[in-house]
Amino acid sequence: MGINILGMGSYVPEQKLTNDDFKRFVETNDEWIRTRTGIVERRMAGWEPTWYMGKQASLQAIERTGVDPDDIGLVISCSITPDFLTPSMASVIQYEIGAHNAAAFDLNAACSGFVYALDTARRFLETDDSLKYVLVVTNEALSRFLDFKDRTTCILFGDGAAAAIVEKSDKLFSSHLGSDGSGARMLFARSLNVAPEVATESDFDSGFPEKPLHQLYQNGKEVYKFATHALPKAFEIAAGKVGITKDDIDYFIPHQANLRIIESAAKKLGVSMDKFIVALDHFGNTSSASIPLAMNEAVENGVIKKGMKLALIGFGAGLTYGGIVMEY
Ligand code: UT7
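Structure report, in brief. Sequence positions are assigned chain by chain, starting from 1 and proceeding in written order. The predicted nature of this model means local features are confined to residues of pLDDT at least 70 and side-chain atom pairs, given and counted, to a pLDDT of 80 or more, with totals for whole chains, interfaces and linings taken over all residues. In computing side-chain properties, one takes all heavy atoms of the structure into account and sets aside hydrogens as well as water.

### Some details on the environment of Gly-284
What counts, and what does not: Where helices and strands are cited, they refer to DSSP runs of H or I of at least four residues and of E of at least two residues respectively, numbered from the N terminus. Contacts: residue pairs with any heavy atoms within 4.5 Å of one another.
You can see Gly-284 is positioned in the loop between helix H8 (280–283) and helix H9 (290–300). Each C-alpha atom, one on Gly-284 and one on Gly-38, is 8.5 Å from the other, the two residues being 246 residues apart in sequence. In this structure Gly-284 touches Ile-39, Glu-41, Arg-42, Leu-156 and Gln-256, once residues within four positions along its chain are discounted.

Below you can see the structure in the form of structure tokens.
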């Protein structure tokens, strides 16, 4: 069983931060950021709550599809930058959009979140006949968790939200999800004030770089290496399960972290860059929202059309990765 994406929506805050704007915080320049990442500008949420962006994206998806919020049986929200540790962002959004009959939970697979959540939505739809629609919403305000003195990290990220409403269908769908927790220290933000020096039987806590609570730390080079392997692998395993090859795919929608990572994945797969949807130049890396933001934009622009075969491929903190091959 597959899924049909009935419709999507998105929301980005108005405030833009250009590459040159970063000169106010760190020693950098537009040329370095463009050539090393492909990013030109990104959006900043200011004091807009993360859930508020998710709500706006969800309302747009509801309006576009004409779905009655009472018919949404499940809300899955993805965010690595939630407003609360608890309640879930999904519960807040469920209330805000009036999805009175929906269950709600958050799913954290970092930048692979949308891929994980879409796959989870499909599994719920497959096993619960009473479930009509699932809302998958991704919402991120990375700007609130960045160290604006760390030039290697702060220039990469942006804020925004995107949502999709899905239903059961017999369309093509295959997925592969993975994780390598040994890479946890390569990309993290601490939550609670748990002293790392408290001994456990695991050596997990050793080797984490010092970073103030909440601030995002990234070892860019290690994450880069992981990403260039994870993206092609995620596609090949998902596609292999249903006998699909790269030539069957109309568009690849990769996690929008760095243009060089996307180019490397395209090269490894032997696919032209024309088949890759890229939106990171104007959104930066919006973590879980990056794939659906890029996808929604391509749908709005008429690039992605119903009946096309898509490959969604993501990677992120965890380190996680995941791929979906599906008919849109
Ligand atoms: O969803 C999360 C996933 N995250 C990612 O996918 C990130 C993956 N990693 C990357 O995208 C890249 O590793 C970065 C963009 C983070 C860094 O690019 P890089 O080509 O690996 O640069 P580098 O770290 O090797 O730095 C090269 C030089 C260094 O200077 P020296 O030591 O050669 O003098 C850096 O200090 O560039 C310097 N540098 C900068 N210069 C100007 C680092 N950041 C900046 C900056 N502006 N913003």
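### Comments concerning the environment of Leu-293
How we decide: Throughout this description, buried means an accessible area under 20% of the type-specific maximum (1.4 Å probe, protein chains only), exposed means over 50%, and partly exposed covers the range between.
In this structure, Leu-293 sits in helix H9. When its relative accessible area of 2% is taken as the criterion, Leu-293 is described as buried. When the C-alpha positions of Leu-293 and Val-242 are compared, they lie 27 Å apart, and in sequence the two are 51 residues distant. Beyond its immediate chain neighbours, meaning those up to four positions away, Leu-293 contacts Ser-10, Val-12, Gly-160, Ala-161, Ala-162, Phe-283 and Thr-286.

### Observations concerning the pattern of salt bridges
Test applied: In what follows, salt bridge is the name for a side-chain nitrogen of Lys or Arg lying within 4 Å of a carboxyl oxygen of Asp or Glu.
Tallying each qualifying case throughout the model produces 12 salt bridges. Residues Lys-23 and Asp-20 are paired through a salt bridge, measuring 3.3 Å at the closest nitrogen-oxygen approach. Of the charged contacts in the structure, one is a salt bridge between Asp-71 and Lys-132, with a shortest N-O distance of 3.6 Å. A residue pair is termed long-range when its members are at least 10 positions apart, and Asp-71 in the loop between helix H2 (50–65) and strand S4 (72–78) and Lys-132 in the loop between helix H4 (113–127) and strand S6 (133–141) qualify at 61 residues. Among the residues examined, Lys-132 registers a relative accessible area of 43% and is labelled partly exposed.

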